[in-house]
Amino acid sequence: MKFFVLQNPKADERTAVTDFLPVDGSRTGEAPRCSACGRFIGMLPLLPPVRVELETWGTNFGDIAFGPSEELLVSARFWKLYQDSDLTGLIDVGSVEVVKLKSHQKPRKAAPRYHCCRVGLSKAAVDDAKSALEREEPATCKECRLGGIIKRIRRVVLEPSSWSGEDNFFSRGLPGTILASEKFEKFCRENQISNCLLIPAEEFSFDHYTRRT
Ligand SMILES: [Zn+2]
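Residues numbered from 1 in each chain as written. Predicted model: local features only at pLDDT ≥ 70, side-chain atom pairs only at ≥ 80, totals over all residues. Heavy atoms only, no water.

**Q** Describe helix 1 (residues 76-84), and please don't skip the residues or the numbers.
**A** Within helix 1, the full set of buried residues consists of Phe 78, Trp 79 and Tyr 82. One side of helix 1 holds all its buried residues, which, seen down the axis, span an arc of 95°. Of the exposed residues in helix 1, those oriented more than 90 degrees away from the buried face are Lys 80 and Asp 84. Where helix 1 is buried, its residues contact strand 4 (64-66), strand 5 (71-75), strand 6 (90-103), strand 7 (114-119), strand 11 (168-172) and helix 2 (182-190). (Buried < 20%, exposed > 50% of the residue type's maximum accessible area, 1.4 Å probe, protein only. Helix = DSSP H or I, 4+ residues; strand = E, 2+ residues; numbered from the N terminus. Arc of directions from axis to C-beta. Contact = heavy atoms within 4.5 Å.)

**Q** Which residues make up the sheet that holds strand 8 (residues 121-125), and what values do they have?
**A** The strand order across the open sheet formed by five strands is 8-11-12-1-13, and the pairing between neighbours is mixed. Strand pairing shows two members of the sheet lacking a second neighbour, strand 8 and strand 13 (197-200), which therefore form its edges. Taken pair by pair, the neighbouring strands of this sheet meet at an average axis angle of 50°, ignoring direction. Across four bridges, strand 1 (residues 3-7) lies against strand 12 (residues 174-181) in antiparallel orientation. Bridging across to strand 12, Leu 6 finds its partner in Ile 178. In the packing of helix 2 onto the sheet, contacts are made with strand 1, strand 11, strand 12 and strand 13, and the angle to strand 12 comes to roughly 70°. (Pairing = 2+ DSSP bridges. Axes fitted to C-alpha atoms, helices over the stretch in contact; angles between N-to-C directions.)

**Q** Help me get a handle on the sheet that holds strand 9 (residues 134-135), residues and values and all.
**A** The strand order across the open sheet built from three strands is 9-10-14, with neighbouring strands paired in antiparallel fashion. At either margin of the open sheet sits one strand with a lone partner, and together these are strand 9 and strand 14 (206-207). Taken together, the two bridges between strand 10 (residues 150-153) and strand 14 define a ladder with antiparallel strand orientation. Its bridge partner lying in strand 14, Arg 152 is registered against Asp 207.

**Q** Help me get a handle on the environment of Pro 175, residues and values and all.
**A** Along the chain, Pro 175 falls in strand 12. Under the relative-accessibility criterion, Pro 175 is labelled partly exposed at 46%. When residues no more than four places from it in sequence are discounted, the contact partners of Pro 175 are Leu 146 and Ile 150.

**Q** Lay out the nonpolar core in plain terms, naming residues and giving numbers.
**A** Residues Ile 64, Phe 78 and Phe 184 are the most contacted members of the largest nonpolar core, which totals 22 residues. Elements with a contribution of two residues or more to this core: strand 1, strand 4, strand 5, helix 1, strand 7, strand 12 and helix 2. Each residue touching Ile 64, except ones within four places of it in the same chain, is listed here: Leu 6, Thr 18, Leu 72, Leu 73, Val 74, Phe 78, Ile 193, Ser 194, Asn 195 and Cys 196. If you look at the next biggest cluster of nonpolar residues, it comprises 15 residues, including Phe 3, Ile 153, Leu 179 and Ile 199. (Core = buried A, V, L, I, M, F, W, Y, C linked by side-chain atoms within 4.5 Å.)

**Q** Could you give an account of the coordination of the zinc ion, with specific residues and numbers?
**A** Bound to the zinc ion are the protein donor atoms Cys 34 (SG), Cys 37 (SG), Cys 141 (SG) and Cys 144 (SG), situated 2.3 to 2.4 Å from the metal. Geometry at the zinc ion is tetrahedral, judged from its four donor atoms and the angles of 105 to 114° they form at the metal. Read in sequence order, the donor residues coordinating the zinc ion give the pattern C-x2-C-x103-C-x2-C. Both residues of the pair, Cys 141 and Cys 144, belong to the buried class. (Donors = N, O, S within 2.8 Å, 3.2 Å for Na, K, Ca; no water. Tetrahedral: all angles 85-135°; square planar, octahedral: opposite > 155°, others 65-115°.)

Here it is, written out as structure tokens:
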């Protein structure tokens, strides 16, 4: 099975780059905790009604808009296609009201209706050694696999047989990196989903400590 990392294509494809921020005072639920060690394993989940400020950088609205936490906004077109497919992993939060639109270029069309969904946590666990993943402190909990800020990662390799089958997911041990299945990549390609960069997991890397070790 091949996996991908879903990213905001900021530098690569600017025509439909779209971001959002929940408005001040948005309702949130409780952050999830690890059932074994009690540590927080996710951010505060956004609750409906979802009201956002939308920001576009090109002349088109993206089918996906990226935000500051674990939610994505997806266009009504995307959401209908996704629901009609057999893809899983995006959890329904609710419809979205755009209260403010900031466009850096004049949009060619009116904004689509957006739907908010959250990326769920999978049983999939990142393999630290095979991913060349370095943490500030080693992971101590076998369940959540968290252990200090991640300094760098050279690729994403999941532990064999740990993936629980979602097409969009966060893996244990690698918070904030949205992973996707081969099936999701095909779905996006065939439906020309915009503002959607899918990097093969073996090519994804980051280094937050380039000047230090
Ligand atoms: Zn834990």
